[in-house]
Amino acid sequence: MSRMPLFFWVAAVLGPGAALPAQPFFLPTANHALFEKGKEADFFVPTPGKTWETGCFGCVRTDRHQMHEGLDIKCLLRDNRGEPADAVMATAPGAVVYINDRPSLSNYGRYLVLRHVIGGVEVYSLYAHLHSVRSDLKPGIAVQAGEPVAVMGRTSNTAAAISKDRAHVDFELNLFYSDNFVPWYRKHFPGQRNDHGVWNGENLVGFDPRLVLLAEREQGTNFDLTSWLRGRVPLCRVLVHKADVPWVKRYPMLVTPDPALQKEPVAGYEISLD
């Protein structure tokens, strides 16, 4: 899914609560080469004819002019037809919120979205290009970290099919833009189909799973997702001249009031994006 990498970032302070686990996120497959120095090519699946970097998060596609908001993780197992057979596992405890079981409706192909709450932050993990989703899963079903939820595949609706040698799972960690996405999309893209409602990839904004996984591995019990989000270096800032911003209601832990304006009513927000 090609979409703008608009990541909302504002300084914040966590409120009181239980201590975070040492590792809030886990790798979604048995491929752990991400943690082995110099083994990146064994972990990331590149675009055709390119290096492993094109399977990473960031502006890594089309000569660095196209954003990719996930990690394309290489398969380890294949069946007797050469198709990927790796189990895809939940990255954290959470619940199913959406399953697209019709690959022709998305360039994600068959995909699954899970909701997690990590240190009070609402996070959505996405697993794309799946061969199949576990048959008993449906929205509302709870899952545990490391629990198998799908089988890796290479489904998509793009003109160029994903070849067997490039079979992978596209793994994303996202925040959620807006509950008002459906009418917004209808207004701004009249005549275009939206088969996925608020679970359209355009309504999910990714942060880099690779950096998160490496940071939590390095920091152990000191890793804190909210602090990590606060630490992103802003690329630009946007002034929103509106007091009622749905983002603020969903992510109050990512908002810092301006001390100089404590006695004044809120007139708008300055939003930093990385």
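Calculation notes
Residues numbered from 1 in each chain as written. Predicted model: local features only at pLDDT ≥ 70, side-chain atom pairs only at ≥ 80, totals over all residues. Heavy atoms only, no water. Helix = DSSP H or I, 4+ residues; strand = E, 2+ residues; numbered from the N terminus. Rg over C-alpha atoms; globule rule 2.2 N^0.38 Å. Contact = heavy atoms within 4.5 Å. Lys, Arg positive; Asp, Glu negative; His and termini not counted. Charge placed at Lys NZ, Arg CZ, Asp CG, Glu CD. Buried < 20%, exposed > 50% of the residue type's maximum accessible area, 1.4 Å probe, protein only. Pairing = 2+ DSSP bridges. Axes fitted to C-alpha atoms, helices over the stretch in contact; angles between N-to-C directions. Phe/Tyr/Trp six-rings, centres within 6.5 Å; stacked < 30°, edge-to-face > 60°. Lys NZ or Arg CZ within 6 Å of the ring centre and 35° of its normal. Salt bridge = Lys/Arg side-chain N within 4 Å of Asp/Glu carboxyl O. Arc of directions from axis to C-beta. Polar contact = N/O pair within 3.5 Å; in protein donor to acceptor, adjacent residues only side chain to side chain.

1. Observations concerning the overall build of the protein
Point 1. The helix and strand tally for the protein stands at five helices and 15 strands.
Point 2. In terms of overall dimensions, the protein is globule-like: its C-alpha atoms have a radius of gyration of 19 Å, near the 19 Å expected for 274 residues.
Point 3. Along the first, second and third principal axes, the C-alpha set of the protein runs to 70 × 50 × 40 Å.
Point 4. For the protein, contacts bridging at least 24 residues in sequence account for 68% of all contacts bridging at least 6.
Point 5. For the protein, the distance from the average position of its 29 positive side-chain charges to the average position of its 29 negative side-chain charges is 3 Å.

2. Points about the pairing of strand β7 (residues 111-118)
Point 1. Summarising burial for β7: six of the eight residues are buried, a large majority.
Point 2. As defined by bridge partners, strand β6 (residues 94-100) adjoins β7 across five bridges and the pair is classed as antiparallel. If you follow asparagine 100 over to β7, its bridge partner there is tyrosine 111.
Point 3. Where β7 meets strand β8 (residues 121-128), seven bridges bridge the pair, whose relative direction is antiparallel. Residue pairing in the sheet places leucine 112 in a bridge with tyrosine 127 of β8.
Point 4. Between β7 and the antiparallel strand that follows it, β8, lie two residues; glycine 119 among them carries a positive phi value of about 60°.

3. Some remarks on the side chain of threonine 91
Point 1. By secondary structure assignment, the location of threonine 91 is in the loop between β5 (87-89) and β6.
Point 2. Note on threonine 91: relative accessible area 0%, which makes it buried.
Point 3. In contact with threonine 91, other than residues within four places in its own chain, are Pro24, Phe25, Phe26, His116, Ser125, Tyr127, Ala145, Phe171 and Leu173.

4. Some points on the environment of tryptophan 228
Point 1. Examined against the element boundaries, tryptophan 228 turns out to sit in helix α4 (residues 225-230).
Point 2. In this structure, the C-alpha to C-alpha distance between tryptophan 228 and valine 212, residues 16 residues apart in sequence, is 8.0 Å.
Point 3. Discounting chain neighbours no more than four positions away, the residues touching tryptophan 228 are Phe207, Asp208, Leu211, Val212, Ala215 and Phe223.

5. A short note on the sheet that holds strand β11 (residues 148-152)
Point 1. Within the open sheet, the three strands sit side by side as β5-β11-β9. Their pairing is antiparallel. The open sheet has two free edges, formed respectively by β5 and β9 (130-133), since each of these has just one partner strand. Geometrically, the sheet is characterised by an average inter-axis angle of 35° between neighbouring strands, direction not taken into account.
Point 2. Pairing of β9 with β11, which is carried by three bridges, proceeds in the antiparallel orientation. In the strand pairing of β11, leucine 130 is matched with methionine 152.

6. Considering the packing of aromatic side chains
Point 1. One pass over the structure, following the stated rule, counts 15 aromatic pairs.
Point 2. Geometrically, the ring pair formed by tryptophan 247 and tyrosine 251 is tilted, given 4.6 Å between the ring centres and 45° between the ring planes.
Point 3. The buried category is assigned to tryptophan 247, whose relative accessible area is 7%.
Point 4. By way of ring pairs, the aromatic residues Phe181, Trp184, Tyr185 and Phe189 are connected into one cluster.
Point 5. Of note, arginine 217 hangs over the ring of phenylalanine 35, and the distance from its end group to the ring centre comes to 4.2 Å.
Point 6. One residue, arginine 232, lies across the ring of tryptophan 228, its end atom 3.8 Å from the ring centre.

7. Some details on the pattern of salt bridges
Point 1. The full count for this structure, using the stated rule, is 11 salt bridges.
Point 2. A salt bridge links aspartate 79 to arginine 81, with the shortest nitrogen-to-oxygen separation between them at 3.0 Å.
Point 3. Residue arginine 81 is classed as exposed on the basis of its relative accessible area of 52%.
Point 4. For the salt bridge of arginine 134 with glutamate 147, the shortest nitrogen-to-oxygen distance reads 2.8 Å. With arginine 134 in the loop between β9 and β10 (142-143) and glutamate 147 in the loop between β10 and β11, this residue pair connects regions lying 13 residues apart in the sequence.
Point 5. Each of Arg115, Glu122, Asp179 and Arg250 takes part in one network of salt bridges that share partners.

8. Thoughts on helix α3 (residues 209-219)
Point 1. Turning to α3, its buried residues are Pro209, Val212, Leu213, Ala215 and Glu216. One side of α3 carries all its buried residues, which in axial view fall inside an arc of 165°. Turned more than 90 degrees away from the buried face of α3 sit Arg217 and Glu218, all of them exposed.
Point 2. Residues of α3 that are buried in the fold lie against β4 (71-74), β12 (168-176), β13 (204-207) and α4.
Point 3. A side-chain oxygen of the first residue of α3 lies 2.9 Å from the backbone nitrogen of arginine 210; this N-cap is aspartate 208.
Point 4. Directly beyond the C-terminal end of α3, a positive phi value near 60° is found at glycine 220.

From the geometry alone we can't say anything about function, so treat these as descriptive.
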